[in-house]
Amino acid sequence: MPPRPDLSRTGATRTRRFPFRLLVIGLAALVLTSLGIFAAVNSDLSETDGDVQVTRPADRPLRVLFVGDSISYGLNAELQDLGFRPLMVDALAEGGPVQEFHKNRAGATTGTVSSLVDVPENLDLAVVELGTNDVLDQTAPDEFALSYRSLLDRVHTESPGVPLVCVGTWGSADETDAYNDIIDHECAREGGAFVSLYDLYLIEANRGPAGRDVFGGTSDRFHPNDAGYRAIAEHLLGRISIR
């Protein structure tokens, strides 16, 4: 965000007295105008710009579904428990018991993962992290949109109205923008929240280095490392409000 302009007075000398009543009227008009502009801007914001509101059941564990690829799997973390998914479950469990469901397949596209998911009923939260392999495999955008929409439809068919977090792809903007736009659009259709990972990917300390012994094999320079997964978990949890 660019720095706000300095609106403080640079000089204290008045060259002309201004009637106080006119000043009050002018300020009131300015406030009303600003509020009108603010409301107009906010009315154009998509549902994906807000937080996800989750209600914790009083009589059973919080039921959470994670669907994803190698990033949901935790590839490149030192230990499996240090991936973003286990970290999120641990954090959510601090407020009460959590029942986790997950399906992740390293290297798989959205269409492949979607075909493997058995969506449970009565979910309280669903986190979908897909699209990165569609970028790498150059899945046609129309095909990707159809697969992603189909998956979200199935989630809401089995658990109508379940809050959705749609995680953006892991990669540079030039490669991923078109796919992230699709994720954002499809998520908004279902009333969910799109969360971009682009800023986290740009931080080199969140990835690599290559050649280490890690969960899933040997590390590379692309996947998140422990710091990256922790940052992803914190970023997603920051968009989830539990009541």
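Coordinates for the structure precede this section.
Quick summary incoming for the structure in this document. Here the structure is a predicted model, which means the values were calculated and not measured.

## As for the pairing of strand β5 (residues 164–167)
With burial as the criterion, each face of β5 is covered, one bearing L164 and C166 and the other bearing V165 and V167. Here β5 runs beside strand β6 (residues 193–195); their pairing, made up of 3 bridges, is parallel. Looking across to β6, one finds that V165 is bridged to A193. For the segment spanning β5, helix α7 (residues 173–189) and β6, crossover handedness is right-handed.

## Structural notes on the pattern of salt bridges
Side chains that differ in charge, positive against negative, can pair when their charged atoms come close. Applying the stated criterion to the full structure yields 6 salt bridges. A salt bridge links R239 to D51; its shortest N-O distance comes to 3.6 Å. One end of the pair, R239, is in the loop between α9 (226–237) and β9 (240–242); the other, D51, is in the loop between α1 (20–43) and β1 (52–54), and 188 residues separate them in sequence. For R149, the salt bridge is made with E186, and the minimal N-O distance between the two is 2.9 Å. Of the two residues, R149 sits in helix α6 (residues 141–158) while E186 sits in helix α7, which places them 37 residues apart along the sequence.

## What to know about the state of the cysteines
Going through the model one piece at a time under the given rule, you end up with 1 disulfide. The disulfide partner of C166 is C187, and the S-S distance across this bridge is 2.2 Å. Torsion about the S-S bond of the C166 and C187 cystine: about 85°, corresponding to right-handed handedness. In this pair, C166 sits in strand β5 while C187 sits in helix α7, placing the two residues 21 residues apart along the sequence. Of the two residues, C166 and C187, neither departs from the other in class, the shared state being buried.

Calculation rules
- Residues numbered from 1 in each chain as written.
- Predicted model: local features only at pLDDT ≥ 70, side-chain atom pairs only at ≥ 80, totals over all residues.
- Heavy atoms only, no water.
- Buried < 20%, exposed > 50% of the residue type's maximum accessible area, 1.4 Å probe, protein only.
- Helix = DSSP H or I, 4+ residues; strand = E, 2+ residues; numbered from the N terminus.
- Pairing = 2+ DSSP bridges.
- Right-handed = clockwise from strand over helix to strand, strands pointing away.
- Salt bridge = Lys/Arg side-chain N within 4 Å of Asp/Glu carboxyl O.
- Disulfide = S-S within 2.5 Å.

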